[in-house]
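# Summary of structural features
One-letter residues, chain by chain:
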Protein chains: 2
Amino acid sequence: MREGFKDLQGGLFASVHKADVGNAVSDLMKRGVDLMCWADPFFPDLVIPQNVKQSVIDSIDKGMATHYTMPIGNSDLKQAIAVKLKEDNHMNVDPDRNILITPGSDSGLMFAMMPFIGEGDEVLIPAPSYPSNFLNPKLLGGIAVPVPLKEENNYQIEIEEFEKRVSPQTKMVLLTNPNNPTSTVLRRDSLEKIATFVIEHDLVLVVDQAFEDAIYDDIEFVSIATLPGMWERTISVFSISKGMGLSGFRVGYLVADDKIIDVLYGCTVNVIGATNTSAQIGAIAAMKDRSFVKEYNAIFDRRRKAVYEIMNSIPGVSMAMPESGFLSWVNISKLGTSAEISKYLIDHANVVVNEGTPYGVGGEGYIRIVHGCYKDDNVLYAALERIKQALIQLDIDKGVAAHG
Amino acid sequence: MREGFKDLQGGLFASVHKADVGNAVSDLMKRGVDLMCWADPFFPDLVIPQNVKQSVIDSIDKGMATHYTMPIGNSDLKQAIAVKLKEDNHMNVDPDRNILITPGSDSGLMFAMMPFIGEGDEVLIPAPSYPSNFLNPKLLGGIAVPVPLKEENNYQIEIEEFEKRVSPQTKMVLLTNPNNPTSTVLRRDSLEKIATFVIEHDLVLVVDQAFEDAIYDDIEFVSIATLPGMWERTISVFSISKGMGLSGFRVGYLVADDKIIDVLYGCTVNVIGATNTSAQIGAIAAMKDRSFVKEYNAIFDRRRKAVYEIMNSIPGVSMAMPESGFLSWVNISKLGTSAEISKYLIDHANVVVNEGTPYGVGGEGYIRIVHGCYKDDNVLYAALERIKQALIQLDIDKGVAAHG
């Protein structure tokens, strides 16, 4: 067996309560535990825009649902995505030559890396970030090199940390922007520093923009592929799972220069197969009328402020105001380790949150709370209240506030 | 860029008329050409079992359509698959421990190979077979080693051909059974020879059984994982695309021993992401009442006999009776090369078939005709008749029959 596949966490024999592997989650759901650990908008409630729903049903009732869409993706969907890219990302692309549809952005991320990363190749990854980022290079025979970001610096880029870790084996920088779990939006000057670094060292950059749709407080969002010299060396990975709340559809897309897409087109069948036909038809409807995204964002904006108030009102607990999406990155280090607090909250608040440690260097001492779940605010606020009461009790039990 | 990704065929800049890459197919469809090149049952006609349709629509109307299913797959679907595996494959498996749902069997095939194949590893692949089989090892840094099968031997296994090619770098045998494009069903003694070989050389075996559902003339079908000593070293790859005609759903599944599934579970999110939620719910309905598969098979059985009659009535053209599915592997070598005849049939019969050459060693001189397409027999037979008339004319033009 290849080295990268040995000692994987979260498999069949693992006892971890991780969110996205094994049967742990379904077992917890059966127990009636509230899930605030899965970045799936309004999960598990029924929420779907009417026009998206109708398009999908029509494709099943009268259309091509049972038939393959070409592996590289539905051409009409690419047209609609090109319009969105122009309007939202300021990217001008040829839909037929620069866009590839993938069955979700997870396999899309792996696919984007595969042509470039092999035996011994190193990938620089700001940390904390999405757990897959650290495992993906390893699965390809390469090496993940975490580059620590600091909370006190608002998780922005310190390019000296990249310079310290670059080597002749470095082939790629892998970014998540906005970041998961910290929700940080990398500012233009952070991205410009990375761009200069990537160009100077002749690297490829893969950027996961799954959380780009909801950015708050008028923070400028910059797609790094639009910076000078970056288009020809960037693969941008997008998803309709987060901003559009269409996680179960499994539709993502890659955007890149002709020369990169040429290679990916040539092995799309092999690596990702094709994407579900009806879901692509639904995605067209979603792309063409994105007004529902604004409605969702208003909900998430209200919620992040509530979570911020609640968490910061707990002695020994703190968090920064989320800059994007529906994730809160909560410092619980005064109360215990990530694992301890997560376990404690299952037992004492009947809520599952994410441990911080899988998010890499800088994750210990934090938990991630997904406040995009449940359609009914009251369910969410009730769960937050239980978290608050449980942590206040823990604080008292440990006598932290007195010392803190 | 990794070696395996250089010089890929079928990318953006390719002019090939291949079936499953680029926009070639959609361009031809717009021209009104009949497609007999895509192994997608009844394409492009509307065919879906009523109970499958209703289940999918309910999942969108009232259910979890927009939400993730766990990456390792829907638990109820696995239960239903386990029943099917017992009844149809004589495989007794634990649904939670031995089955992994994938977004189609293409990414499933790649995923099955990934833990085992890296830099310089060799994979033995009977040829001709599914084109992806030859490219997949290369994309992983390995080497595809074709093992030629012979038409005169009904494409059964000659194990000396394997023995000749085995080396210390050999890690895997990759089988397609029943085979695509030849439709051959490997007989029990062929599979026993491979099993002995795989065990003796301590290899892993990946078998793609996408075409297992329609086997004709009471030929025994054996799932190689059921042979003694093979369960613990076999990954069986299945699909609902072919036998169930649900290609657009993109649902496949892997079946393997606990120890292998443990590793795959540990990186499912990374490599394949999760599978479309509604499609998995539709797949449950399909698995629970598989009577429609028998109806489809009756149609394909009738058609293969018609194609056999028609093709063998053309001077200079011959084919064996298909043993499975809805593919015909037609020897046109007396009339021209695969490329010449395929091109000729687009121009003179308004029909796209597959060139034989992408199917590897032994593919030159053949074309693959998909006779599972179109719901209306008359459309199919009209296309076959145009192929016949065009090839008879070509035969006359070339004077082959007189010499042949």
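Since the model is a prediction, treat every value here as computed from it, not as a measurement. (Residues numbered from 1 in each chain as written. Chains lettered and ligands numbered in written order. Predicted model: local features only at pLDDT ≥ 70, side-chain atom pairs only at ≥ 80, totals over all residues. Heavy atoms only, no water.)

## A look at unusual backbone geometry
Note that the residue after Asn-177 of chain B, namely Pro-178 of chain B, is joined by a cis bond; omega there is -5 degrees. As for its position among the elements, Pro-178 of chain B is in the loop between β5 (170-176) and α8 (188-200). Pro-181 of chain B follows Asn-180 of chain B through a cis peptide bond whose omega is 25 degrees. Within the secondary structure, Pro-181 of chain B sits in the loop between β5 and α8. The backbone of Tyr-155 of chain A sits at a positive phi, close to 55 degrees, despite the residue not being glycine. A relative accessible area of 7% means that Tyr-155 of chain A is categorised as buried. (Helix = DSSP H or I, 4+ residues; strand = E, 2+ residues; numbered from the N terminus. Buried < 20%, exposed > 50% of the residue type's maximum accessible area, 1.4 Å probe, protein only.)

## Things to note about the relation of the copies chain B and chain A
Least-squares fitting of chain B to chain A yields an RMSD of 0.0 Å, with the transformation described by 0.0 Å of translation along the axis and a rotation of 180 degrees. On this basis, the relationship between the two copies can be described by a two-fold rotation axis. Minimal C-alpha separation from the rotation axis in chain B is found for Ile-57 of chain B, amounting to 3.1 Å. (Least-squares fit on C-alpha atoms with pLDDT ≥ 70 in both.)

## Quick look at empty space enclosed by the protein
Tallied over the full model, the rule gives 7 cavities of 30 Å³ or more. The computed volume of the largest cavity comes to approximately 110 Å³. Around the largest cavity, the lining comprises 15 residues; the ones closest to its centre are Val-56, Asn-276 and Ser-278 of chain A together with Asn-276 and Ser-278 of chain B. Taken together, the elements giving at least two residues each to the lining of the largest cavity come down to α2 (50-61) and α11 (277-288) of chain A together with α2 (50-61) and α11 (277-288) of chain B. Grouping the constituent residues of the lining of the largest cavity by class yields 10 nonpolar, 5 polar and no charged. (1 Å grid on protein atoms, 1.4 Å probe; cavity = no way out; pocket = protein on both sides within 12 Å on 5 of 7 lines; lining within 4 Å. Points joined across faces, edges and corners; volume = space filled by probe spheres on them. Nonpolar A, V, L, I, M, F, W, Y, C, P; charged D, E, K, R; others polar.)

## Quick word on the domain arrangement of chain A
Residues and elements named next belong to chain A. What the domain assignment reports for chain A is domain 1 (3-47 + 292-403) and domain 2 (50-288). Computed from C-alpha atoms alone, the centre-to-centre distance between domain 1 and domain 2 is 25 Å. Contacts between domain 1 and domain 2 engage 29 residues on the former and 36 residues on the latter. Note on domain 1 versus domain 2: buried area summed over both sides is about 2800 Å², and carbon and sulfur give 58% of it. Remark: the boundary between domain 1 and domain 2 carries 2 salt bridges. For Glu-323, the salt bridge identified is with Arg-187, shortest N-O distance 2.9 Å. (Domains from an automatic or database assignment. Contact = heavy atoms within 4.5 Å. Buried area = accessible area lost by both parts, 1.4 Å probe. Salt bridge = Lys/Arg side-chain N within 4 Å of Asp/Glu carboxyl O.)

## Focus: the pairing of strand β8 (residues 252-255) of chain B
All names here are of chain B. Side chains Gly-252 and Leu-254 project from β8 onto one buried face, and the interleaved Tyr-253 and Val-255 project onto a second face that is buried too. Pairing geometry for strand β2 (residues 99-102) and β8, over 4 bridges, is antiparallel. Residue pairing in the sheet places Thr-102 in a bridge with Gly-252 of β8. Inspection of the sheet shows strand β7 (residues 234-239) paired to β8 by 4 bridges, in the antiparallel sense. The residue of β8 that forms the bridge with Val-237 is Leu-254. (Pairing = 2+ DSSP bridges.)

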